[in-house]
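Architecture at a glance
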Amino acid sequence: MAGNTSGDDYENIDWDTEDELEIQNITPSSCASLATLNTQTIVSNGEASSSAGPSNSKLVQHFLGMGFSEQLIAKAIKENGEANTESILESLLTYSVLESDSPDEQNSCPQQQQCVEENGELSSDYDESLCDDLSESDDSWSGGSEIADISSSLPKHEKAVLSLANMGYTVEEATAAMERCGPEASIAELTDFICAAQMAKTEDVFFEEEKPKLPLRLNADFKKRKLYDLEIWKRKKRKGLVSEEDEGLRLPNPMIGFGVPTDVNVITHRTLPDAAIGPPFFYYENVALAPKGVWDTISRFLYDVEPEFVDSKYFCAAARKRGYVHNLPIKNRFPLLPLPPRTVNDALPLTKRWWPAWDKRTKLNCLQTVIGSAKLTERIRKALEKWGDDPPQQVQKYVMDECRKWNLVWVGKNKVAPLEPDEVEMLLGFPRNHTRGGGISRTDRYKSLGNSFQVDTVAYHLSVLKDIFPNGINLLSLFSGIGGAEVALHRLGIPLKNVVSVEISEANRDIVRSWWEQTNQKGNLIHLADVQQLNGDRLEQYMGSFGGFDLIVGGSPCNNLAGSNRVSRDGLEGEQSSLFYDYFRILDLVKCIMNKQS
DNA sequence: GTTACTATGACCAATAAG
DNA sequence: CTTATTGGTCATAGTAAC
């Protein structure tokens, strides 16, 4: 078992693709070509600016990681000294705002200092409407209306412009990029384009020194201004025509990805793009039914790997439609045993007695973070009690609609109820009481569970690692939540050697730590709170101490992608969901560091 | 302050209907 | 082919209760 034999599979995997540094024009990936959100990855080249850069490279790295340009950082440090990071940051932000308000200013593009491709020609729009009177704009938006409300109700392409604007680009730049790249272009494509345009425009222009330092604008004012610019853009757009190019990934039906344990049709081979090939292995997850273009963008960032869309209803009694982007082998997968019950009837046998014949459900819908109200179940009971076993169609439809929407199950005569937390735990493949105790409220249990992996599904995908890493793995777990990946690996019998787990919620960290202790794990568990604080230095530190990560798992926040969000379904640029870019940033960092080590 | 409870449609895409 | 209908969704915000 040990040693050489088990290495066979490993060697079949084509890790040794050294030369993946070929220039990729579109893909925002790979260490060499990309700057987006990724400036840190050039560490090894000693990107020392010729301009007598500050000695404190860590400090520079820190701000580079936040997306500011090296020149701006140098300037900010010069102004503020190295000691006061707060004031440096403030200066940097100020520069960005200045840039966006005065297009003449160059070089403050918060990203992409080193894009070289594209011949960035700009449309004439660049010169127009740059001199909009600000006071006018302020007046026109001075009503009590909330900016956020307005922006969230905008069409998607306009949101894209607004996103770019809020990233520090001018609306004119964003518009030009949109016109050039098409309305469905991803933010990555757009930023690439803008950067190229800026490079073209700013050649030979060196950083000017003294700029009047204005007080930092309030964020609301900033957005207000951008929104006004957006209105201008809309007016322009109505005149011209915009090519609508529809292109996008389609969800498979049935949603079984490369295969599920209960189906004989299993795909065992695929070809990964060279840039995607590890080490490390990575495994990224998010909701399948995201707004248009989101999965295209995710896939493009993650080295053009096609997502594997899987509905967990093929693994358990509840649906869970998710997309997974990973570079794992797909041959010889195996499921966790015992196979979990796959019908409501089997999973919740006590409901069978009360389950009416006209409720044809055999599976539950997606387990959410909130549950149906008591009022609703009472309304349903009242609606049903007038009738016998066979209520009229209208009533049946009403009841069924609500049951499907809220995942209600039958717990008594004419009585439906939401699932209990421990039932959700069981359906998702967690040990009973996994989220119980430790002072967590019932509401928060639902929330944590609703945001989690379905363990059997994930374990099936990760099962191929068992032969590859018989001695255990080092895991980097981003957005760990309640530890779905850790539980899956553990149940697969894959030892966890070193786990760096990043999770913002303290309650969730407590849950994972408690599980770690109860299952007598032999490895090390390192907990961090914020992915945004995880930089190259810390990663190198960890990786140096135990020799790199074997697997990077993460399901980034879906808040702004999920259909059930009525308020802020802003897509990948939403407040929480944009943390996807941190997943990519960290993955790419690890990839680069590992390449450097090997 | 924390927790529980409730009301709140939008968006997308698949499907049905015309 | 177009348009209408349907189904489904890792949720948020406000308010009351504790």
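What you see is a predicted model, and the numbers here were worked out from it, not measured in a lab.

Topic: the overall build of chain A
Check the secondary structure of chain A and you find 22 helices and nine strands. For chain A, buried positions account for 52% of its 598 residues. Once local pairs closer than 6 in sequence are excluded, the contacts in chain A between residues at least 24 apart make up 74%. In the structure as shown, chain A presents an accessible area of about 28400 Å², 50% of it carried by carbon and sulfur atoms.

Here's the deal with the packing of aromatic side chains
All chains considered together, the criterion is met by 16 aromatic pairs. Taking the centre distance of 6.0 Å and the plane angle of 85° together, the rings of Phe301 and Phe580 count as edge-to-face. Taken together, the residues span a long stretch of sequence, with Phe301 in helix H11 (residues 294–301) and Phe580 in helix H22 (residues 580–597) at a distance of 279 residues. Phe301 sits in the buried class, given a relative accessible area of 1%. By relative accessible area, Phe580 is classed as buried at 0%. Ring pairs connect the aromatic residues Phe282, Tyr284, Trp295, Phe301, Tyr303, Phe309, Phe580, Tyr581, Tyr583 and Phe584, which therefore count as one cluster.

So, the protein's contact with DNA strand B
Near DNA strand B lie 19 residues; those nearest to it are Ser373, Ala374, Thr443, Gly563 and Arg566. The sugar-phosphate backbone supplies 55% of the atoms of DNA strand B found within 4 Å of the protein. A distance of 2.5 Å is found between a phosphate oxygen of DNA strand B and a side-chain nitrogen or oxygen belonging to Thr443. Among the secondary structure elements, those contributing two or more residues to the surface near DNA strand B are helix H13 (374–385) and helix H16 (442–450). The leading source of residues in the surface near DNA strand B is H13, at three residues. A breakdown of the residues in the surface near DNA strand B according to their chemical character gives four nonpolar, seven polar and eight charged.

Some remarks on the pattern of salt bridges
Under the criterion given, the structure shown has twelve salt bridges. We note a salt bridge from Asp311 to Lys321, for which the minimum N-O separation is 3.4 Å. Placement of the pair is Asp311 in strand E2 (residues 308–311) and Lys321 in strand E3 (residues 321–326), with a sequence separation of ten residues. As a salt-bridge pair, Glu378 and Lys382 come within 3.5 Å of each other at their nearest N and O atoms. Of the two residues, Glu378 and Lys382 both sit in helix H13, four residues apart, roughly one turn of that helix.

A closer look at the confidence of the model for chain A
Across chain A, pLDDT averages 73, with 60% of residues at or above 70. Low pLDDT, under 50, characterises residues 1–55; the stretch is placed with 93 contacts to residues that sit more than four places away or in other chains. Scored below 50 in pLDDT, residues 100–154 shows 114 contacts in the model against residues more than four places distant or in partner chains.

Topic: the pairing of strand E9 (residues 551–555)
A large share of E9 lies buried, amounting to five of its five residues. Looking at chain direction, strand E1 (residues 281–287) and E9 are connected through five bridges and run parallel. Within the sheet, the bridge partner assigned to Tyr284 lies in E9 and is Gly554. Bridge count between strand E6 (residues 473–478) and E9: four bridges; the pairing is parallel. Within E9, the residue paired with Leu476 across the bridge is Ile552.

Regarding the protein's contact with DNA strand C
Taken together, 23 residues lie near DNA strand C, and Val287, Arg322, Thr369, Gly563 and Ser564 sit nearest. The protein-proximal atoms of DNA strand C, defined as those within 4 Å of the protein, are 59% sugar or phosphate. Between a phosphate oxygen of DNA strand C and a side-chain N or O atom of Asn365, the distance comes to 3.5 Å. Counting only elements with at least two residues in the surface near DNA strand C, the list comes to E1 and helix H14 (393–406). Per-class residue counts for the surface near DNA strand C are seven nonpolar, eleven polar and five charged.

Concerning the environment of Val500
Residue position: Val500 is located in strand E7 (residues 496–502). Linking Val500 and Ser480, residues 20 residues apart in sequence, is a C-alpha distance of 9.5 Å. Beyond its immediate sequence surroundings of up to four residues, Val500 is in contact with Leu475, Leu476, Ser477, Ile526, Leu528, Tyr542, Phe546 and Phe549.

Some points on unusual backbone geometry
A cis amide bond, omega 0°, links Asn253 with the succeeding residue Pro254. Topologically, Pro254 is positioned in the loop between helix H10 (219–239) and E1. The backbone of Tyr303 sits at a positive phi, close to 65°, despite the residue not being glycine. For Tyr303, the position within the fold is in the loop between H11 and E2. Unlike most non-glycine residues, Asn414 shows phi in positive territory, near 55°.

Observations concerning the sheet that holds E9
The seven strands lie next to each other as E2-E3-E1-E9-E6-E7-E8, forming an open sheet whose pairing is mixed. Strand pairing shows two members of the sheet lacking a second neighbour, E2 and strand E8 (524–528), which therefore form its edges. With direction set aside, neighbouring strand axes in the sheet form an average angle of 20°. In terms of strand pairing, E2 meets E3 through four bridges, oriented antiparallel. When the bridges of E3 are listed, Glu308 appears paired with Tyr324.

Some details on the nonpolar core
Grouped together as the largest cluster of nonpolar side chains are 67 residues, with contacts concentrated most on Leu462, Leu465, Leu489 and Leu551. Summarising the domain contributions, this core has at least three residues from each of domain 2 (274–339 + 431–597) and domain 3 (344–428). Sequence-distant contacts of Leu465, defined by excluding residues within four places in its chain, comprise Phe281, Leu328, Leu489, Ile494 and Leu551.

Describing the side chain of Asp582
Within the secondary structure, Asp582 sits in helix H22. Setting aside anything within four residues of it in sequence, one finds Asp582 in contact with Val531 and Gln532.

Thoughts on the side chain of Asp588
With respect to the secondary-structure elements, Asp588 resides in helix H22. Despite being buried, Asp588 has no salt bridge partner; Lys591 is the closest side chain of opposite charge, sitting 6.5 Å away. Among the polar contacts made by the side chain of Asp588, one reaches the side chain of Tyr303 at a distance of 2.4 Å.

Focus: H13
Along an α-helix, a turn takes 3.6 residues, which lines up residues three or four apart on a common side. Between its terminal C-alpha atoms H13 stretches 16 Å, which fits the 16 Å expected from twelve residues at 1.5 Å a residue. For H13, the set of buried residues is Leu376, Thr377, Ile380, Ala383 and Leu384. Each buried residue of H13 lies within a common arc of 120° when the element is viewed along its axis, so the set occupies one face. Projecting away from the buried face of H13 at angles above 90 degrees are the exposed residues Ala374 and Lys375. Those residues of H13 hidden inside the fold are in contact with H14, strand E4 (409–412) and strand E5 (415–417).

Rules behind the numbers
Residues numbered from 1 in each chain as written. Chains lettered and ligands numbered in written order. Predicted model: local features only at pLDDT ≥ 70, side-chain atom pairs only at ≥ 80, totals over all residues. Heavy atoms only, no water. Helix = DSSP H or I, 4+ residues; strand = E, 2+ residues; numbered from the N terminus. Buried < 20%, exposed > 50% of the residue type's maximum accessible area, 1.4 Å probe, protein only. Contact = heavy atoms within 4.5 Å. Areas by Shrake-Rupley, 256 points an atom, 1.4 Å probe, with all protein chains shown as cover. Phe/Tyr/Trp six-rings, centres within 6.5 Å; stacked < 30°, edge-to-face > 60°. Near = heavy atom within 4 Å. Polar contact = N/O pair within 3.5 Å; in protein donor to acceptor, adjacent residues only side chain to side chain. Nonpolar A, V, L, I, M, F, W, Y, C, P; charged D, E, K, R; others polar. Salt bridge = Lys/Arg side-chain N within 4 Å of Asp/Glu carboxyl O. pLDDT = per-residue confidence, 0-100. Pairing = 2+ DSSP bridges. Axes fitted to C-alpha atoms, helices over the stretch in contact; angles between N-to-C directions. Core = buried A, V, L, I, M, F, W, Y, C linked by side-chain atoms within 4.5 Å. Domains from an automatic or database assignment. Lys, Arg positive; Asp, Glu negative; His and termini not counted. Expected span 1.5 Å × (residues − 1). Arc of directions from axis to C-beta.

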